[in-house]
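Structural overview for review
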Amino acid sequence: MGKYEKLYEHILMRRSDANVPFDSLCFLLKKLGFDERIKGDHHIFTRDDVEEILNMQPMGDKGKPYQVKQVRDIILKYQIHIGE
């Protein structure tokens, strides 16, 4: 199992949301098929088949816990898997 598969599992299993590296979270979203726009420190992720827009900002070098929860909710709602 690779690094991003482990991160994907980490997010889905509701482990520590405050302990997710921001750069890895952004790369995971791109790997899941999201397009990224960057404006300042805001990383905006969209995907054609996902209604919601994810607006992510780093908290130091980690992702904000509530934003990690948003990512998990979108993955579960739309049943997004790595490699789709």
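Computed from a predicted structure; not experimentally measured.

1. Observations regarding helix α1 (residues 3–12)
Residues Tyr4, Leu7, Tyr8, His10 and Ile11 constitute the buried set of α1. Projected down its long axis, α1 carries its buried residues within an arc of 160°, all on one side. Those residues of α1 that are buried are in contact with α2 (22–31) and α3 (65–78). Positive backbone phi, at 60°, marks Arg14, one or two positions downstream of α1.

2. Notes on the packing of α1 against α3
It is the contact of α1 with α3, at a shortest axis distance of 9 Å, that shows an interaxial angle of 95°. Accordingly, the angle class assigned to the pair α1 and α3 is roughly perpendicular. Each of Tyr8, Ile11 and Leu12 in α1 lies in contact with α3, whose residues at this interface are Val68, Arg72, Ile75 and Leu76.

3. Side note on the pattern of salt bridges
Pairs can form between side chains of opposite charge once their charged atoms are near each other. Summed over the entire model, instances satisfying the criterion amount to 5 salt bridges. The partner of Lys30 in a salt bridge is Glu36, with the nearest N and O atoms 3.2 Å apart. Among the residues examined, Lys30 registers a relative accessible area of 40% and is labelled partly exposed. Under the relative-accessibility criterion, Glu36 is labelled partly exposed at 25%.

Cut-offs applied
Residues numbered from 1 in each chain as written. Predicted model: local features only at pLDDT ≥ 70, side-chain atom pairs only at ≥ 80, totals over all residues. Heavy atoms only, no water. Buried < 20%, exposed > 50% of the residue type's maximum accessible area, 1.4 Å probe, protein only. Helix = DSSP H or I, 4+ residues; strand = E, 2+ residues; numbered from the N terminus. Arc of directions from axis to C-beta. Contact = heavy atoms within 4.5 Å. Axes fitted to C-alpha atoms, helices over the stretch in contact; angles between N-to-C directions. Parallel < 35°, antiparallel > 145°, perpendicular 65-115°, else oblique. Salt bridge = Lys/Arg side-chain N within 4 Å of Asp/Glu carboxyl O.

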